[in-house]
Amino acid sequence: MAEPLLVVKDLKKHFPIKKGLFGRVSGHVRAVDGVSFTLERGETLGLVGESGCGKTTTGRCILRLSEPTGGSVYFDGRDVTRMDKRELRSLRREMQIVFQDPYSSLNPRLTVGSMLAEPMEIHGLAKGAAARDKVAELLTRVGLAPDHARRYPHEFSGGQRQRIGIARALAVSPRLIVLDEPVSALDVSIQAQIVNLLQDLQRDLGLTYLFVAHDLSVV
């Protein structure tokens, strides 16, 4: 059998508590303390817990958006925690994240088209007309119109913005996507649409999801 796509072993993230004028460390907050799991290719794993329990921090540590205090993270057999900046940049193509808040996670100064084309250009995947064609394809895939590429984030509803966030994650053709409470900030009527979209994308593209949530019914 093929090895799991993601293996997390004894992952820890401790934040120092500083006191006094000189910021002396008086203790630590154990936000993540010994988390271990495996995630098979094409699988969805729900990471469930109440607010403040360290779910989001776990996801960020896996992607090295936050540096782990201890433990190891293996993606396709490679230890993410030991990668240098060059290796991490290459890994960004394969591991992406969809953030919880569709309002603050999009750059208000960029058009949707620029936002989606930027990661393609950074990773050398497409530019110019090829990037524009890819942007149109991505928008269609997430249920938006190609001409939405000319608009800015403030012109969209919350559900549409989250679709844009999903399209941005898909822009570099990742294999793993960390979904950080992707529907908790949306109206209940919109949540099912986004969950159905994520299921369709997983089926069509063979994606693997780490689904962070506090709502068991959504999971």
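Everything in this summary refers to the structure shown in the same document. Values in this document were obtained by computation on a predicted structure and should not be read as measured data.

1. Comments concerning the overall build of the chain
Then, number 1: Assigned secondary structure in the chain consists of six helices and eight strands.
Then, number 2: Against the compact-globule benchmark of 17 Å for 219 residues, the chain has a radius of gyration of 18 Å, which places it among compact chains.
Then, number 3: Dimensions along the principal axes, computed over C-alpha positions, put the chain at roughly 55 × 40 × 40 Å.
Then, number 4: Counting all 219 residues of the chain, 45% fall into the buried class.
Then, number 5: Contacts in the chain between residues far apart in sequence, at least 24 positions, make up 69% of those at least 6 positions apart.
Then, number 6: Roughly 11,600 Å² of accessible area belongs to the chain as shown, and the carbon and sulfur atoms make up 49% of that amount.
Then, number 7: When the 30 positive and 25 negative side-chain charges of the chain are each reduced to one mean point, those points stand 6 Å apart.

2. Looking at the environment of A136
Then, number 1: Secondary-structure assignment places A136 in helix α4 (residues 129-141).
Then, number 2: Among the residues examined, A136 registers a relative accessible area of 22% and is labelled partly exposed.
Then, number 3: It is 8.6 Å that separates the C-alpha atoms of A136 and H148, two residues lying 12 residues apart in sequence.

3. Focus on the packing of helix α5 (residues 158-170) against helix α6 (residues 188-205)
Then, number 1: Closest axis-to-axis distance for the α5/α6 pair is 10 Å, and the angle between their directions is 20°. Considering their axes alone, α5 and α6 lie roughly parallel with respect to each other. Two packed elements cross with a definite hand, and for α5 against α6 that hand is right-handed. The residues of α6 that touch α5, namely those facing G159, R163, I166 and L170, are I190, Q193, I194, L197, L198, L201 and L205.

4. Focus on unusual backbone geometry
Of all residues except glycine, most have a negative phi; of all peptide bonds, most are trans.
Then, number 1: Of note, D10 is a non-glycine position whose phi angle comes to about 50°, a positive value.
Then, number 2: You can see D10 is positioned in strand β1 (residues 6-19).
Then, number 3: Here the phi dihedral of D76 falls at roughly 55°; this positive angle occurs in a residue that is not glycine.
Then, number 4: Relative to the helices and strands, D76 is located in the loop between β4 (70-75) and β5 (78-79).

5. Remarks on the pairing of β4
Then, number 1: Inspection of the sheet shows β1 paired to β4 by five bridges, in the antiparallel sense. In the sheet register, L6 faces β4, and the bridge partner there is F75.
Then, number 2: Summarising the sheet, β4 and β5 pair through two bridges and their orientation is antiparallel. Directly across from F75, in β5, lies its bridge partner R78.

6. Observations regarding the nonpolar core
Then, number 1: Membership of the largest hydrophobic core comes to 35 residues, with the highest contact counts inside it found for I166, L170 and I177.
Then, number 2: Counting only elements with at least two residues in this core, the list comes to α3 (112-122), α4, α5, β7 (176-180), α6 and β8 (208-213).
Then, number 3: Those residues in contact with I177 that sit more than four places away from it in its chain are Q96, V98, A169, L170, L207, T208, Y209 and L210.
Then, number 4: Core analysis: the next-biggest nonpolar cluster, separate from the first, contains 24 residues, C61, V73, V80 and L88 among them.

7. Notes on the sheet that holds β8
Sheets are built from strands that pair by backbone hydrogen bonding, the pairs being arranged parallel or antiparallel.
Then, number 1: Spatially, β3-β8-β7-β6 is the arrangement adopted by the four strands of the open sheet, whose pairing is parallel. Both edges of this open sheet fall to β3 (44-48) and β6 (95-98), since each of them pairs with a single strand only. Taking the axes of each pair of neighbouring strands and ignoring which way they run, one obtains an average angle of 15° across the sheet.
Then, number 2: Two strands pair when backbone bridges link them, and β6 and β7 are joined in this way by four bridges, in the parallel orientation.

8. Observations regarding the layout of surface pockets
Over the atoms rolls a probe the size of a water molecule, and its path tells where empty space is left.
Then, number 1: Of the volumes computed, that of the largest pocket is approximately 410 Å³.
Then, number 2: Forming the walls of the largest pocket are 16 residues, and the residues nearest its centre are R92, Q96, I97, P119 and R168.
Then, number 3: Mapped onto the lining of the largest pocket, the elements with two or more residues apiece are β6, α3 and α5.
Then, number 4: Of the pockets and cavities examined, the second largest pocket occupies roughly 160 Å³.

What counts, and where the lines are drawn
Residues numbered from 1 in each chain as written. Predicted model: local features only at pLDDT ≥ 70, side-chain atom pairs only at ≥ 80, totals over all residues. Heavy atoms only, no water. Helix = DSSP H or I, 4+ residues; strand = E, 2+ residues; numbered from the N terminus. Rg over C-alpha atoms; globule rule 2.2 N^0.38 Å. Buried < 20%, exposed > 50% of the residue type's maximum accessible area, 1.4 Å probe, protein only. Contact = heavy atoms within 4.5 Å. Areas by Shrake-Rupley, 256 points an atom, 1.4 Å probe, with all protein chains shown as cover. Lys, Arg positive; Asp, Glu negative; His and termini not counted. Charge placed at Lys NZ, Arg CZ, Asp CG, Glu CD. Axes fitted to C-alpha atoms, helices over the stretch in contact; angles between N-to-C directions. Parallel < 35°, antiparallel > 145°, perpendicular 65-115°, else oblique. Left-handed = near helix turned anticlockwise from the far one by under 90°. Pairing = 2+ DSSP bridges. Core = buried A, V, L, I, M, F, W, Y, C linked by side-chain atoms within 4.5 Å. 1 Å grid on protein atoms, 1.4 Å probe; cavity = no way out; pocket = protein on both sides within 12 Å on 5 of 7 lines; lining within 4 Å. Points joined across faces, edges and corners; volume = space filled by probe spheres on them.

Nothing here speaks to function; it is all geometry.
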